Amino acid sequence: MAVSDRLHRIQFTDLIEREYWHIFHQDFGPLVPHPASLARLALVHDRPPGTVVRAAFFLAWTVAGAIWETGLRGIPGDETEVELDPGWLATHYLARLRLMRRLPIIALDHPIRRKIIDIDSPEDQRWHGHLTTNRYRRTHFAAAAVDAQCREAGKILPGFQWYSRQLQGDRVGVLYPPVFDPADWEVAEVIRLDTPEGLALIARALSAGGYTLARSLGWVGGRPEMER
C-alpha cells in the first residue's frame, strides 16, 4: 500500500484556555489570519488543484517559540552574535493572546500523535518529515489531504499543533477559519519588536539556543522587567 498523508484516525485534541503568542506584520492586526500564507501546513491554492483555501493563523505556546518560528529561522549557524534586519524588527509586533474557550485541533506532536497515526508506521515517518522540512510546499499537500479527509467524514479541519523545528520542545500551531474566530481571543498585550522590551525578549529567545543579540541593534544587555 502506498504511503499517504491521510491520518489513520481523525481525532481532535483540545486547544485549552491559556495564553499564546503570535507575531504579526504591521499591515495585519493581532487577530488577523494570513489570507495567502505559504508557511508550513498552509492550505494553498492549487496544492493540489481543488484545495479549499483558508487563511492561516499561526501561534506559539511560548514567546521564544513565536520568535524562533518567525524572525530567527534563517540566522547563520556559524555565528554566536546575531544581527536581525532592522526593517523586519520595525514592522513586526508580538501579541500576547488569551484563548477564552477551548477549540479543537489535530495534535501532531508525540506522544499524542499515536492517537491519529500509528507509531513508527510509514505515515508516522512521513509526517515527521513534514514537520521538520524547510521545504514547505510538500506540507501544503499534506494539509490539503487531511482537510479533504475531514470533509469526507463530515468534519471541519480546525488546524494542527506540533513541536517547533526551530526550538524543539516548544509547541507551535496553525488554526484555520472558521475554527479560528477572533471573538474567541483576547489581546492581552502588543509589543513592538524594535523597542527595548521587544529586543530583550528576542535576546532571551536567542540565549535559549546559545546565541546573543548584536549590540548594533541597540541591545545593551540586562533583563526585561517581566519574566515570560
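Below is a summary of the structure that appears in this document. Quick caveat: nothing in here was measured; it's all calculated off a predicted structure.

### Observations concerning the overall build of the chain
Right, on to step 1. Secondary structure assignment for the chain yields 5 helices and 10 strands.
Right, on to step 2. Here the chain has a C-alpha radius of gyration of 18 Å; the compact-globule value for 228 residues is 17 Å, and the two agree.
Right, on to step 3. The principal-axis extents of the C-alpha atoms in the chain amount to approximately 55 × 40 × 30 Å.
Right, on to step 4. For the chain, buried positions account for 48% of its 228 residues.
Right, on to step 5. Long-range pairs, those at least 24 residues apart, make up 75% of the contacts in the chain between residues at least 6 apart in sequence.

### Observations regarding the packing of helix α3 (residues 122-132) against helix α4 (residues 137-152)
Right, on to step 1. α4 packs onto α3 with a crossing angle of 125° between their chain directions and a minimal axis gap of 9 Å. With respect to α4, the element α3 is oriented oblique. Note that α3 runs across α4; the crossing there is left-handed. Residues Arg126, Trp127, Gly129 and His130 of α3 touch α4, and the partners they reach there are Arg138, Thr139, Ala142 and Val146.
Right, on to step 2. A per-class count over the contact of α3 with α4 returns 3 nonpolar, 3 polar and 2 charged.

### Brief notes about the packing of aromatic side chains
Right, on to step 1. A full pass over the atoms with the stated rule returns 9 aromatic pairs.
Right, on to step 2. Arranged with centres 5.6 Å apart and planes meeting at 20°, the rings of phenylalanine 24 and tyrosine 93 form a pair that is stacked. Of the two residues, phenylalanine 24 is situated in strand β2 (residues 19-25) and tyrosine 93 in strand β5 (residues 92-99); the sequence distance between them amounts to 69 residues. Pair check on accessibility: phenylalanine 24 and tyrosine 93 agree, each one buried.
Right, on to step 3. Taken together, Tyr20, Phe57, Trp61, Phe180 and Trp185 form an aromatic cluster joined through their ring pairs.
Right, on to step 4. Its guanidinium or amino end placed over the ring of tyrosine 20, arginine 18 lies 5.0 Å from that ring's centre, counting from NZ or CZ.

### Here we look at unusual backbone geometry
Right, on to step 1. Cis geometry marks the peptide bond from histidine 110 to proline 111, where omega comes out at 10°.
Right, on to step 2. Residues other than glycine seldom take positive phi values, yet aspartate 120 does so here, at roughly 65°.
Right, on to step 3. Within the element layout of this structure, aspartate 120 appears in the loop between β6 (103-107) and α3.

### Observations regarding the packing of helix α1 (residues 63-70) against helix α5 (residues 196-207)
Right, on to step 1. Close contact between α1 and α5 brings their axes to 9 Å; oriented N to C, the two are set at 85°. The orientation of α1 with respect to α5, classified from their angle, is roughly perpendicular. Judged by residue contacts, Val63, Ala64, Ile67 and Trp68 of α1 engage Leu201, Ile202, Ala205 and Leu206 from α5.

### Side note on the side chain of threonine 133
Right, on to step 1. Among the secondary structure elements, threonine 133 is positioned in the loop between α3 and α4.
Right, on to step 2. A polar contact of 3.0 Å, which involves the side chain of threonine 133, links it to the backbone nitrogen of arginine 135.
Right, on to step 3. Contacts of threonine 133, omitting those with residues within four sequence positions, involve Arg40, Arg138, Thr139 and Arg165.

### A look at the pattern of salt bridges
Right, on to step 1. Counted according to the given criterion, the structure contains 15 salt bridges.
Right, on to step 2. Residues arginine 102 and aspartate 14 are paired through a salt bridge, measuring 3.4 Å at the closest nitrogen-oxygen approach. Within this pair, whereas arginine 102 is found in the loop between β5 and β6, its partner aspartate 14 is found in strand β1 (residues 13-15), the two being separated by 88 residues in sequence.
Right, on to step 3. Across the pair glutamate 186 and arginine 98 runs a salt bridge whose closest N-O atoms are separated by 2.6 Å. One end of the pair, glutamate 186, is in strand β9 (residues 185-192); the other, arginine 98, is in strand β5, and 88 residues separate them in sequence.
Right, on to step 4. Judged by its relative accessible area of 35%, glutamate 186 is partly exposed.

### So, the environment of leucine 131
Right, on to step 1. With respect to the helices, strands and loops of the structure, leucine 131 is situated in helix α3.
Right, on to step 2. Apart from residues no more than four positions distant in its own chain, leucine 131 is found in contact with Arg40, Leu41, Leu108, Arg113, Trp162 and Arg165.

Cut-offs applied
Residues numbered from 1 in each chain as written. Predicted model: local features only at pLDDT ≥ 70, side-chain atom pairs only at ≥ 80, totals over all residues. Heavy atoms only, no water. Helix = DSSP H or I, 4+ residues; strand = E, 2+ residues; numbered from the N terminus. Rg over C-alpha atoms; globule rule 2.2 N^0.38 Å. Buried < 20%, exposed > 50% of the residue type's maximum accessible area, 1.4 Å probe, protein only. Contact = heavy atoms within 4.5 Å. Axes fitted to C-alpha atoms, helices over the stretch in contact; angles between N-to-C directions. Parallel < 35°, antiparallel > 145°, perpendicular 65-115°, else oblique. Left-handed = near helix turned anticlockwise from the far one by under 90°. Nonpolar A, V, L, I, M, F, W, Y, C, P; charged D, E, K, R; others polar. Phe/Tyr/Trp six-rings, centres within 6.5 Å; stacked < 30°, edge-to-face > 60°. Lys NZ or Arg CZ within 6 Å of the ring centre and 35° of its normal. Polar contact = N/O pair within 3.5 Å; in protein donor to acceptor, adjacent residues only side chain to side chain. Salt bridge = Lys/Arg side-chain N within 4 Å of Asp/Glu carboxyl O.

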